[in-house]
Amino acid sequence: MTTRKATPLSGVDHPESRPGVGDVAKDADTGRVGLVMGQLGGRVQMRPVSGGIEWDAMPDRVTAVRAREELSARLAVRNGNSRSGL
């Protein structure tokens, strides 16, 4: 069995390594972290982890987040929910 080395995400060079639907990703243009909801018209649709209105991002500017960034985004949602009694 061979071990496959992880490929850096660049979007353009390795489209198969882009985050997929349901993955947490970062829009490098805005700095926002969100869930990848799909792709339409050459744009990636993303939604805040906490829910809300989707925004469009350029596919080559959407990158996978590190585990720490994903945990931080999800924890912010949990903290917000606990403050509001949910």
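Residues numbered from 1 in each chain as written. Predicted model: local features only at pLDDT ≥ 70, side-chain atom pairs only at ≥ 80, totals over all residues. Heavy atoms only, no water.

Q: What am I meant to see in the pattern of salt bridges here?
A: Any two side chains of opposite charge can pair, so long as their charged atoms come close to each other. Within the structure shown, the criterion is met by four salt bridges. Asp-29 serves as the salt-bridge partner of Arg-61, at 2.8 Å between the closest nitrogen and oxygen. Here the residue Arg-61 occupies a position in the loop between strand 4 (55–57) and strand 5 (62–64), and Asp-29 occupies one in the loop between strand 1 (24–27) and strand 2 (32–40), the gap between them amounting to 32 residues. In this structure, the salt-bridge partner of Glu-54 is Arg-47, at a minimum N-O distance of 2.7 Å. Taking relative accessible area as the criterion, Glu-54 reaches 33% and is therefore assigned partly exposed. (Salt bridge = Lys/Arg side-chain N within 4 Å of Asp/Glu carboxyl O. Helix = DSSP H or I, 4+ residues; strand = E, 2+ residues; numbered from the N terminus. Buried < 20%, exposed > 50% of the residue type's maximum accessible area, 1.4 Å probe, protein only.)

Q: For this particular structure, what's the right way to read the nonpolar core?
A: Nonpolar side chains tend toward joint burial in soluble globular proteins. Of all hydrophobic cores here, the largest spans seven residues; its members are Ala-25, Val-36, Val-44, Met-46, Trp-55, Ala-57 and Val-62. Taken together, the elements giving at least two residues each to this core come down to strand 3 (43–48) and strand 4. Those residues in contact with Ala-57 that sit more than four places away from it in its chain are Asp-27, Arg-43, Val-44, Met-46 and Val-62. (Core = buried A, V, L, I, M, F, W, Y, C linked by side-chain atoms within 4.5 Å. Contact = heavy atoms within 4.5 Å.)

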